[in-house]
Amino acid sequence: MARPKPIICVSHLVGAEGEAVARGVAERLGFRYLDEEVIETAAEWVDLHPSVVGDVERHKSLMTRIGESMGRQPTGGRPDASEQRRSGATHREMPADEDLRALIRDAIRDAAEEGDIVIASHAASVALAERQDAVRVLVTASKKVRAGRISAARNLDPRRAEKVLAEEDAARADYLKRFHGVDVELPTHYDLVVNTDNLPPESAVDLIALAAGET
(Lines give C-alpha, C1' and ligand atoms only; values in the text may rest on other atoms or scores of the structure.)
Protein backbone atom coordinates (compact mmCIF):
# COMPACT_ATOMS: atom_id res chain seq x y z
CA MET A 1 0.00 0.00 0.00
CA ALA A 2 1.40 3.39 -1.02
CA ARG A 3 2.39 5.79 1.73
CA PRO A 4 0.08 8.83 1.90
CA LYS A 5 1.76 11.95 0.61
CA PRO A 6 2.25 14.23 3.62
CA ILE A 7 1.27 17.86 3.83
CA ILE A 8 3.37 20.04 6.12
CA CYS A 9 1.80 23.29 7.29
CA VAL A 10 4.23 25.75 8.85
CA SER A 11 2.64 28.67 10.69
CA HIS A 12 4.99 31.18 12.23
CA LEU A 13 5.10 34.39 14.21
CA VAL A 14 7.04 37.37 12.91
CA GLY A 15 10.66 37.20 14.02
CA ALA A 16 10.55 33.46 14.72
CA GLU A 17 12.53 32.52 11.55
CA GLY A 18 9.59 30.44 10.37
CA GLU A 19 10.04 31.15 6.68
CA ALA A 20 13.64 29.89 6.79
CA VAL A 21 12.44 26.80 8.62
CA ALA A 22 9.63 26.13 6.14
CA ARG A 23 11.96 26.52 3.15
CA GLY A 24 14.50 24.28 4.84
CA VAL A 25 11.90 21.56 5.37
CA ALA A 26 10.86 21.70 1.72
CA GLU A 27 14.49 21.45 0.60
CA ARG A 28 15.29 18.63 3.04
CA LEU A 29 12.31 16.52 1.98
CA GLY A 30 12.29 17.46 -1.68
CA PHE A 31 8.78 18.85 -1.32
CA ARG A 32 7.14 21.68 -3.19
CA TYR A 33 7.12 24.97 -1.25
CA LEU A 34 3.99 27.11 -1.36
CA ASP A 35 3.40 30.58 -0.02
CA GLU A 36 2.42 33.35 -2.45
CA GLU A 37 1.29 30.72 -4.97
CA VAL A 38 -1.76 30.17 -2.77
CA ILE A 39 -2.84 33.77 -3.41
CA GLU A 40 -1.92 33.59 -7.10
CA THR A 41 -4.10 30.51 -7.55
CA ALA A 42 -7.08 32.09 -5.79
CA ALA A 43 -6.68 35.26 -7.88
CA GLU A 44 -6.50 33.30 -11.13
CA TRP A 45 -9.78 31.56 -10.32
CA VAL A 46 -11.63 34.90 -10.26
CA ASP A 47 -9.45 36.72 -12.82
CA LEU A 48 -8.15 39.33 -10.40
CA HIS A 49 -4.70 40.75 -9.74
CA PRO A 50 -3.09 38.78 -6.87
CA SER A 51 -2.66 41.98 -4.86
CA VAL A 52 -6.44 42.47 -4.73
CA VAL A 53 -6.91 38.99 -3.28
CA GLY A 54 -3.82 39.04 -1.08
CA ASP A 55 -4.69 42.32 0.60
CA VAL A 56 -7.89 40.81 2.01
CA GLU A 57 -5.53 38.95 4.34
CA ARG A 58 -4.25 42.30 5.57
CA HIS A 59 -7.81 43.61 6.02
CA LYS A 60 -7.53 46.42 3.49
CA SER A 61 -10.81 47.77 2.13
CA LEU A 62 -11.96 46.62 -1.30
CA MET A 63 -11.60 50.07 -2.87
CA THR A 64 -8.10 50.46 -1.43
CA ARG A 65 -7.09 47.12 -2.90
CA ILE A 66 -8.50 48.00 -6.33
CA GLY A 67 -6.89 51.44 -6.33
CA GLU A 68 -3.48 50.13 -5.31
CA SER A 69 -3.70 47.34 -7.89
CA MET A 70 -4.54 49.79 -10.69
CA GLY A 71 -1.70 52.02 -9.52
CA ARG A 72 0.74 49.14 -10.02
CA GLN A 73 -0.18 48.83 -13.71
CA PRO A 74 2.47 50.21 -16.12
CA THR A 75 1.78 53.61 -17.64
CA GLY A 76 1.94 54.45 -21.32
CA GLY A 77 0.32 52.60 -24.17
CA ARG A 78 -3.04 51.00 -24.26
CA PRO A 79 -3.64 48.67 -21.29
CA ASP A 80 -4.25 45.02 -22.04
CA ALA A 81 -7.87 43.95 -21.50
CA SER A 82 -6.88 40.96 -19.38
CA GLU A 83 -4.81 43.24 -17.18
CA GLN A 84 -7.79 45.50 -16.75
CA ARG A 85 -9.86 42.56 -15.61
CA ARG A 86 -7.20 41.44 -13.15
CA SER A 87 -6.78 44.96 -11.78
CA GLY A 88 -10.42 45.03 -10.74
CA ALA A 89 -12.06 47.23 -13.39
CA THR A 90 -15.18 48.87 -12.03
CA HIS A 91 -17.34 47.49 -14.87
CA ARG A 92 -17.59 44.12 -13.19
CA GLU A 93 -19.03 43.06 -9.86
CA MET A 94 -16.27 42.40 -7.37
CA PRO A 95 -16.33 39.40 -5.00
CA ALA A 96 -17.16 40.18 -1.39
CA ASP A 97 -14.37 39.91 1.17
CA GLU A 98 -15.85 36.72 2.58
CA ASP A 99 -15.90 35.22 -0.92
CA LEU A 100 -12.21 36.07 -1.32
CA ARG A 101 -11.42 34.55 2.08
CA ALA A 102 -13.26 31.39 1.00
CA LEU A 103 -11.23 31.34 -2.22
CA ILE A 104 -7.97 31.43 -0.28
CA ARG A 105 -9.12 28.59 1.96
CA ASP A 106 -10.19 26.61 -1.12
CA ALA A 107 -6.83 27.26 -2.80
CA ILE A 108 -5.09 25.79 0.27
CA ARG A 109 -7.32 22.71 0.22
CA ASP A 110 -6.82 22.29 -3.53
CA ALA A 111 -3.03 22.43 -3.17
CA ALA A 112 -3.18 19.89 -0.34
CA GLU A 113 -4.62 17.31 -2.71
CA GLU A 114 -1.23 17.06 -4.42
CA GLY A 115 0.64 16.02 -1.27
CA ASP A 116 4.39 16.23 -0.73
CA ILE A 117 4.14 19.97 -0.10
CA VAL A 118 5.11 22.52 2.53
CA ILE A 119 2.57 25.32 2.91
CA ALA A 120 3.91 28.37 4.71
CA SER A 121 1.56 30.85 6.40
CA HIS A 122 -2.08 31.47 5.37
CA ALA A 123 -3.19 29.57 8.52
CA ALA A 124 -3.00 26.34 6.54
CA SER A 125 -2.77 24.41 9.82
CA VAL A 126 -6.30 25.55 10.67
CA ALA A 127 -7.68 25.20 7.14
CA LEU A 128 -6.43 21.59 6.95
CA ALA A 129 -7.08 20.64 10.57
CA GLU A 130 -9.31 17.71 9.61
CA ARG A 131 -6.77 16.04 7.33
CA GLN A 132 -4.97 13.08 8.86
CA ASP A 133 -2.06 13.46 6.42
CA ALA A 134 -1.28 17.02 7.53
CA VAL A 135 1.55 17.79 9.95
CA ARG A 136 0.68 21.12 11.54
CA VAL A 137 3.63 23.09 12.90
CA LEU A 138 3.93 26.40 14.73
CA VAL A 139 7.33 28.11 14.74
CA THR A 140 7.50 30.62 17.58
CA ALA A 141 9.90 32.43 19.89
CA SER A 142 9.74 34.78 22.85
CA LYS A 143 8.78 38.40 22.28
CA LYS A 144 12.20 39.59 23.41
CA VAL A 145 14.02 37.41 20.91
CA ARG A 146 11.60 38.19 18.11
CA ALA A 147 11.86 41.93 18.72
CA GLY A 148 15.65 41.67 18.63
CA ARG A 149 15.54 39.87 15.30
CA ILE A 150 13.12 42.40 13.83
CA SER A 151 15.37 45.23 15.02
CA ALA A 152 18.41 43.68 13.34
CA ALA A 153 16.68 42.60 10.13
CA ARG A 154 14.85 45.89 9.53
CA ASN A 155 17.41 48.24 11.06
CA LEU A 156 14.94 49.54 13.66
CA ASP A 157 15.60 50.89 17.12
CA PRO A 158 14.36 48.57 19.92
CA ARG A 159 11.25 50.62 20.71
CA ARG A 160 10.15 50.71 17.08
CA ALA A 161 10.84 46.99 16.73
CA GLU A 162 8.60 46.27 19.72
CA LYS A 163 5.84 48.36 18.14
CA VAL A 164 6.15 46.48 14.84
CA LEU A 165 6.03 43.20 16.74
CA ALA A 166 2.85 44.20 18.56
CA GLU A 167 1.21 45.36 15.33
CA GLU A 168 2.04 42.20 13.42
CA ASP A 169 0.99 39.93 16.27
CA ALA A 170 -2.33 41.79 16.42
CA ALA A 171 -2.75 41.44 12.65
CA ARG A 172 -2.10 37.70 12.95
CA ALA A 173 -4.75 37.33 15.67
CA ASP A 174 -7.18 39.34 13.54
CA TYR A 175 -6.47 37.08 10.55
CA LEU A 176 -7.21 33.92 12.52
CA LYS A 177 -10.44 35.44 13.78
CA ARG A 178 -11.68 36.67 10.40
CA PHE A 179 -10.69 33.64 8.35
CA HIS A 180 -11.32 30.79 10.79
CA GLY A 181 -13.22 32.11 13.80
CA VAL A 182 -10.27 31.38 16.10
CA ASP A 183 -10.59 33.64 19.15
CA VAL A 184 -7.42 32.43 20.88
CA GLU A 185 -4.58 30.55 19.18
CA LEU A 186 -3.66 27.47 21.20
CA PRO A 187 -0.80 24.93 21.11
CA THR A 188 -3.47 22.27 20.48
CA HIS A 189 -4.09 23.78 17.05
CA TYR A 190 -0.75 22.22 16.10
CA ASP A 191 0.94 18.83 16.15
CA LEU A 192 4.35 20.35 16.86
CA VAL A 193 5.37 23.69 18.39
CA VAL A 194 8.99 24.72 17.82
CA ASN A 195 10.62 27.48 19.88
CA THR A 196 13.54 29.04 18.03
CA ASP A 197 14.86 31.14 20.92
CA ASN A 198 17.89 28.86 21.11
CA LEU A 199 17.09 26.31 18.41
CA PRO A 200 18.66 27.12 15.02
CA PRO A 201 16.54 26.69 11.88
CA GLU A 202 18.49 23.58 10.86
CA SER A 203 17.55 21.82 14.11
CA ALA A 204 13.93 22.91 13.71
CA VAL A 205 14.00 21.35 10.23
CA ASP A 206 15.26 18.09 11.76
CA LEU A 207 12.36 18.01 14.23
CA ILE A 208 9.72 18.70 11.57
CA ALA A 209 11.16 16.09 9.23
CA LEU A 210 11.02 13.58 12.07
CA ALA A 211 7.41 14.52 12.84
CA ALA A 212 6.57 14.00 9.17
CA GLY A 213 7.98 10.48 9.34
CA GLU A 214 11.01 11.34 7.21
CA THR A 215 14.67 10.94 8.11
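A quick note: this is a predicted structure, and the numbers were derived from the prediction, not measured.

We now examine the confidence of the model for the protein chain. Summary statistics for the protein chain give a mean pLDDT of 85 and a share of 81% for residues scoring 70 or more. Within the model, the stretch residues 61–66 combines pLDDT values under 50 with eleven contacts to residues more than four positions away or in other chains. This stretch, residues 84–90, has a pLDDT under 50; its non-local contacts, to residues over four places away or in other chains, come to 19 contacts.

With that settled, consider the nonpolar core. Membership of the largest hydrophobic core comes to 31 residues, with the highest contact counts inside it found for Ile7, Val53, Ile104, Ile108, Ile119 and Leu128. Listing elements by their share of this core, those giving two or more residues are β1 (7–12), α2 (36–45), α3 (50–54), α6 (97–112), β3 (117–120), α7 (124–127) and α9 (158–180). Per-element tally for this core: the top contributor is α6, with seven residues. Residues within four places of Leu128 in sequence aside, it is in contact with Ile7, Cys9, Ile108, Arg109, Ala112, Ile119 and Ala134. Ranked by size, the runner-up nonpolar core spans 25 residues in total, among them Ile8, Leu29, Ala120 and Ile208.

Turning to the environment of Cys9, a few remarks are in order. Tracing the chain through its elements places Cys9 in strand β1. Considering only alpha carbons, one finds Cys9 and Ala120, 111 residues apart in sequence, at a separation of 6.1 Å. Setting aside anything within four residues of it in sequence, one finds Cys9 in contact with Ile119, Ala124, Ser125, Leu128, Val135, Arg136 and Val137.

Attention shifts here to the packing of α6 against α9. One can describe the packing of α6 onto α9 by two numbers: an axis separation of 10 Å at closest approach and a directional angle of 90 degrees. The angle between α6 and α9 places the two elements in the roughly perpendicular class. Contact residues: α6 offers Arg101, Ile104 and Arg105, while α9 offers Arg178, Phe179 and His180. In the contact of α6 with α9, the residues fall into two nonpolar, one polar and three charged.

Moving on, we get to the pairing of β3. Of the two faces of β3, the one lined by Ile117 and Ile119 and the one lined by Val118 and Ala120 are each fully buried. As defined by bridge partners, β1 adjoins β3 across four bridges and the pair is classed as parallel. Opposite Ile8, over in β3, you have Val118 as the bridge partner. Bridging between strand β2 (residues 32–34) and β3 involves three bridges; their strand directions are parallel. Looking across to β3, one finds that Tyr33 is bridged to Val118.

For the rest of this paragraph, the subject is α9. Under the 1.5 Å per step criterion, the end-to-end length of α9 is 33 Å for 23 residues, consistent within 8% with the ideal 33 Å. Of all the residues in α9, the buried ones are Ala161, Val164, Leu165, Asp169, Arg172, Tyr175, Leu176, Arg178 and Phe179. Where the residues of α9 are buried, they touch β1, α6, α7, β4 (134–140) and α8 (143–154). The N-cap residue of α9 is Asp157: its side-chain oxygen and the backbone nitrogen of Arg159 are 3.0 Å apart. Gly181 lies just past α9 and shows a positive phi near 70 degrees.

On to the packing of aromatic side chains. All told, the structure shown has one aromatic pair when counted by the stated rule. For the ring pair Tyr175 and Phe179, a centre distance of 4.1 Å and an interplane angle of 15 degrees mean the geometry is stacked. Taken together, the positions of Tyr175 and Phe179, both in helix α9 and four residues apart, correspond to about one turn of that helix. Neither residue differs from the other here; Tyr175 and Phe179 are each classed as buried.

Cut-offs applied
- Residues numbered from 1 in each chain as written.
- Predicted model: local features only at pLDDT ≥ 70, side-chain atom pairs only at ≥ 80, totals over all residues.
- Heavy atoms only, no water.
- pLDDT = per-residue confidence, 0-100.
- Contact = heavy atoms within 4.5 Å.
- Core = buried A, V, L, I, M, F, W, Y, C linked by side-chain atoms within 4.5 Å.
- Buried < 20%, exposed > 50% of the residue type's maximum accessible area, 1.4 Å probe, protein only.
- Helix = DSSP H or I, 4+ residues; strand = E, 2+ residues; numbered from the N terminus.
- Axes fitted to C-alpha atoms, helices over the stretch in contact; angles between N-to-C directions.
- Parallel < 35°, antiparallel > 145°, perpendicular 65-115°, else oblique.
- Nonpolar A, V, L, I, M, F, W, Y, C, P; charged D, E, K, R; others polar.
- Pairing = 2+ DSSP bridges.
- Expected span 1.5 Å × (residues − 1).
- Polar contact = N/O pair within 3.5 Å; in protein donor to acceptor, adjacent residues only side chain to side chain.
- Phe/Tyr/Trp six-rings, centres within 6.5 Å; stacked < 30°, edge-to-face > 60°.

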